[in-house]
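Residue-level structure breakdown
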Amino acid sequence: MSSEQILIPDIGDFDSVDVIEVLVNIGDSIEYDMPLITVESDKASMDIPAPKDGIIKDIKIKVGDKVKEGSLIGTLEVKEVKEEGKSEAKAPAKNEKKEDIEKVTHTPTRPAPEPPEKKAAKETPIPIGESVHTDENKTAHASPSVRKFARNLGVNLSFVKGSASKNRILIEDVESFVKGELTKPRTENMGASFAPIPMPNIDFTEFGKVETKPLSKIKKLSGANLHRNWVTAPHVTQFDDADITDLEIFRKSMQKEAEKRGAKLTLLAFLIKASVNALKAYPMFNSSLSPDGDNLILKSYYNVGFACDTPDGLVVPVVKDIQKKDVIDIAEDLGNLSEKARARKLKMNEMQGGCFTISSLGGIGGTKFTPIINCPEVAILGVSRASMQPVYNKSSEDFEARLMLPLSLSYDHRVVDGADGARFTSHLCMMLSDVRRLLL
Ligand code: CAO
């Protein structure tokens, strides 16, 4: 065995390129043409292959170094040549090198060189991440070694988000993409035509100035939950209007008493009270499906979550044991929990154990909306802005101005039938329009 220096070969017109990956370690046994390092210019990335078979004795460069033709990569203990021609050391000639370079610019009009991985891609049986769109795959920003890694796993790189500079895809990105795909709910039974097609990867800067901001942790987490809940539970939304004219008069008359106890008596407190009454009347709304979908778990406790808008995103604190509380107790809990939510001081257990959720946008505006169920709960009540409406009174045979509150109840149709959905909102409306019943 003899030692030889490994140098950067002729890499064409580039004066200096960045080392973005070192693919071997000291002591590694390597074969001729195996990629040793990956370098990247502002337009392309390419692997520098081993000039001969051998063992890596030392490595003189690291990620982030700038190199050019002739820079020292390290030392190779060269293996004896047994097969004629196999370990013939040669730097790639200029015309060969061009084919190795993988363009990463998005230039669809320029035909890309025949990808050496095309044949291997054909051999890959089932790609992870929907169908393989070879054109998009080609334009993904990744080094040849990462491409090879992805190809071996059947991953379409156009679905993988790169975490390195200029969104370059690393091996770790491919690994976490695969992990994510494997934990996604299975869609085999949906049939190919129902599987979602991939989101187009649009370069918005082509149309104007843009700014990219990272999503907050809360937004990422709630987004994943909302998406799961939306695709898992077949949603139906039942609309109704509750006459809260008398309730509002009563609420205002009770405000002073509530203030003495340090609470602001809000409409939401009454809505929670009325919801618990309706949950007792229609227990299937106070249930969850067992994870295997074979049983309904009916709860004998009454905890109601409420969607709270915070500067960092949506959180859902839970008011507990409502059956033991009056409306002012509930109002106190609402005040404390909302304050904590906005100060990011909510504890985990203050967001757990909910049976039903209320999302109130009434203080902001809007006439109706369809809330997404907070699974594994089976229903959620959306509340919009109350407004004065002309309502026909059968007794007086005349229209009266009444304060009407729009309600939207989304429920999981696997658990709740349409008729029960309508009964539940009717019950709620009855409770909200008759304060005496509500406070009984
Ligand atoms: N119709 C008309 N006015 C209403 C109303 C309704 N349905 N609900 C509340 N209001 C009025 C109140 O009377 C109050 O007015 P005053 O200041 O004049 O008294 C004002 O709106 C503020 O109401 P509030 O202090 O009672 O607060 P709230 O109970 O409406 O809301 C909370 C509390 C935590 C629910 C709210 O702050 C919030 O975060 N809402 C957003 C929830 C959300 O984002 N849901 C969407 C989830 S899905 O993305």
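Residues numbered from 1 in each chain as written. Predicted model: local features only at pLDDT ≥ 70, side-chain atom pairs only at ≥ 80, totals over all residues. Heavy atoms only, no water.

1. Considering the pairing of strand 17 (residues 356-360)
In terms of residue burial, strand 17 counts as a mostly covered element, since four of its five residues are buried. In terms of strand pairing, strand 13 (residues 304-306) meets strand 17 through three bridges, oriented parallel. Bridge pairing in strand 17 places Val304 opposite Phe356. Both strand 17 and strand 18 (residues 379-383) contribute to a ladder of four bridges, which runs parallel. Its bridge partner being in strand 18, Ser359 is matched across the sheet by Gly382. (Buried < 20%, exposed > 50% of the residue type's maximum accessible area, 1.4 Å probe, protein only. Helix = DSSP H or I, 4+ residues; strand = E, 2+ residues; numbered from the N terminus. Pairing = 2+ DSSP bridges.)

2. Some words on the packing of helix 8 (residues 267-281) against helix 10 (residues 418-433)
Close contact between helix 8 and helix 10 brings their axes to 9 Å; oriented N to C, the two are set at 135 degrees. It follows from the interaxial angle that helix 8 and helix 10 lie oblique. Two packed elements cross with a definite hand, and for helix 8 against helix 10 that hand is right-handed. Contacts between helix 8 and helix 10 involve Phe270, Leu271, Ala274, Ser275, Asn277, Ala278, Leu279 and Ala281 from the first element and Phe424, His427, Leu428, Met431 and Leu432 from the second. (Axes fitted to C-alpha atoms, helices over the stretch in contact; angles between N-to-C directions. Parallel < 35°, antiparallel > 145°, perpendicular 65-115°, else oblique. Left-handed = near helix turned anticlockwise from the far one by under 90°. Contact = heavy atoms within 4.5 Å.)

3. A word on the site of the ligand
Around the ligand, a shell composed of 21 residues is seen, among which Asp309, Arg342, Ser359, Ser384 and Ala386 lie nearest. Taking Arg342, its side chain carries an N or O atom lying 2.7 Å from an oxygen atom of the ligand. Backbone polar atom of Ser384 to a nitrogen atom of the ligand: 2.9 Å apart, as the coordinates give it. Protein burial of the ligand: of its 980 Å² of free accessible surface, 65% is covered by the chains. Elements represented by at least two residues in the shell around the ligand include exactly helix 8, strand 14 (308-310) and strand 17. Residues that form the shell around the ligand fall into these classes: ten nonpolar, six polar and five charged. (Near = heavy atom within 4 Å. Polar contact = N/O pair within 3.5 Å; in protein donor to acceptor, adjacent residues only side chain to side chain. Areas by Shrake-Rupley, 256 points an atom, 1.4 Å probe, with all protein chains shown as cover. Nonpolar A, V, L, I, M, F, W, Y, C, P; charged D, E, K, R; others polar.)

4. Points about the packing of aromatic side chains
On inspection of all chains with the given rule, the structure shows five aromatic pairs. With 6.4 Å between their ring centres and 65 degrees between their planes, Tyr282 and Phe424 make a pair best called edge-to-face. Residue Tyr282 is found in the loop between helix 8 and strand 11 (287-289), and its partner Phe424 is found in helix 10; the two are separated by 142 residues along the sequence. Residue Tyr282 shares its accessibility class with Phe424, and that shared class is buried. A centroid spacing of 5.7 Å and a plane angle of 50 degrees characterise the contact between Phe356 and Phe424, whose relative ring orientation is tilted. Residue Phe356 is found in strand 17, and its partner Phe424 is found in helix 10; the two are separated by 68 residues along the sequence. Owing to a relative accessible area of 0%, Phe356 belongs among the buried residues under this scheme. Overall, Phe424 belongs to the buried group, its relative accessible area being 0%. (Phe/Tyr/Trp six-rings, centres within 6.5 Å; stacked < 30°, edge-to-face > 60°.)

5. Considering the sheet that holds strand 6 (residues 54-59)
With respect to topology, four strands assemble into an open sheet ordered 1-8-6-3, the strand pairing being antiparallel. Looking at strand neighbours, the two that pair on one side only are strand 1 (2-7) and strand 3 (29-30), the edges of this open sheet. Judged from the six bridges that link them, strand 1 and strand 8 (residues 72-78) form a sheet pairing that is antiparallel. Looking at strand 8, one finds that Leu7 is bridged to Leu72.

6. Section: the pattern of salt bridges
Applying the stated criterion across every chain yields a total of 19 salt bridges. Between Asp246 and Arg402 there is a salt bridge, with its nearest N and O atoms 3.8 Å apart. In this pair, Asp246 is assigned in helix 7 (residues 245-260) and Arg402 in strand 20 (residues 398-412), connecting sequence segments 156 residues apart. Owing to a relative accessible area of 18%, Arg402 belongs among the buried residues under this scheme. For Asp333, the salt bridge identified is with Lys325, shortest N-O distance 2.6 Å. Overlapping salt bridges bring together Asp243, Asp246, Glu400 and Arg402 as one network. (Salt bridge = Lys/Arg side-chain N within 4 Å of Asp/Glu carboxyl O.)

7. Focus on unusual backbone geometry
Residue Pro376 is reached from Cys375 by a cis peptide bond, and omega for that bond is 5 degrees. Relative to the elements of secondary structure, Pro376 occurs in the loop between strand 17 and strand 18. Unusually for a residue other than glycine, Asp33 sits at a positive phi of about 80 degrees. Relative to the assigned elements, Asp33 resides in the loop between strand 3 and strand 4 (35-40). Of note, Arg344 is a non-glycine position whose phi angle comes to about 55 degrees, a positive value. Among the structural elements, Arg344 can be located in the loop between helix 9 (327-342) and strand 17. A relative accessible area of 63% means that Arg344 is categorised as exposed.

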